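Coordinates in review
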Amino acid sequence: MKLVTFDAGNGALVGAIAGDGSIVDLAAAAPAAARPMFSSMLALIEGGDISLEAASDIVARYRGDHGFDPAYVRYLPPLPVPNSIRDFGTPAATRWRRP
């Protein structure tokens, strides 16, 4: 399952790519009690397996409702405000040091 953060004109939404290529708005397609877990990509990630299973179920049941044509959305960074940034690609010996 491919997850995306996108804007269809009303702000950031969390979605998944359906089999037909359209983007399913997970919060809109979810039952009311499950909508908070799709309020942001970070909320979905923090929800762990429960959120991922719920998203997978929504995509499996998708029949065209709450979907967007990818040609008419703007893709956003998956985590617009990451809670941490780590650098695992630069060895410690080559990092910038003050002279």
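Fair warning: this is a prediction, and the values are worked out from it, not measured in the lab.

Check the secondary structure of the chain and you find three helices and five strands. Ordered by position in the sequence, the α and β elements of the chain form the string β-β-β-α-α-α-β-β. In the chain, which comprises 99 residues, the share counted as buried stands at 28%. Of the contacts made within the chain by residues no fewer than 6 positions apart, 54% connect residues no fewer than 24 positions apart.

The next thing to look at is the nonpolar core. Soluble globular proteins tend to pack their nonpolar side chains together in the buried interior. Formed by 16 residues in total, the largest nonpolar core has its most connected members in V14, V24, L26, A30, F38, L44 and I58. Contributions of two or more residues to this core are made by β2 (12-17), α1 (26-29), α2 (41-46) and α3 (48-61). Here this core takes four residues from α3, the largest share from any one element.

What counts and how
Per chain, residue numbering runs from 1 following the sequence as it is written. Given that this is a predicted model, residues contribute local features only at a pLDDT of at least 70 and side-chain atom pairs are listed and counted only at 80 or more, while totals for whole chains, interfaces and linings are drawn from all residues. Neither water nor hydrogens contribute to the side-chain values; these are computed over all heavy atoms in the structure. Segments assigned H or I by DSSP are reported as helices when at least four residues long, segments assigned E as strands when at least two residues long, and all are numbered from the N terminus. Each residue is assigned to one of three classes by its accessible area relative to the maximum for its type, calculated with a 1.4 Å probe on protein chains only: buried under 20%, partly exposed between the two thresholds, exposed over 50%. The contact criterion used is simple: two residues touch if any of their non-hydrogen atoms lie within 4.5 Å. Only buried residues count toward a nonpolar core. Its members are Ala, Val, Leu, Ile, Met, Phe, Trp, Tyr and Cys residues joined through side-chain atoms within 4.5 Å.

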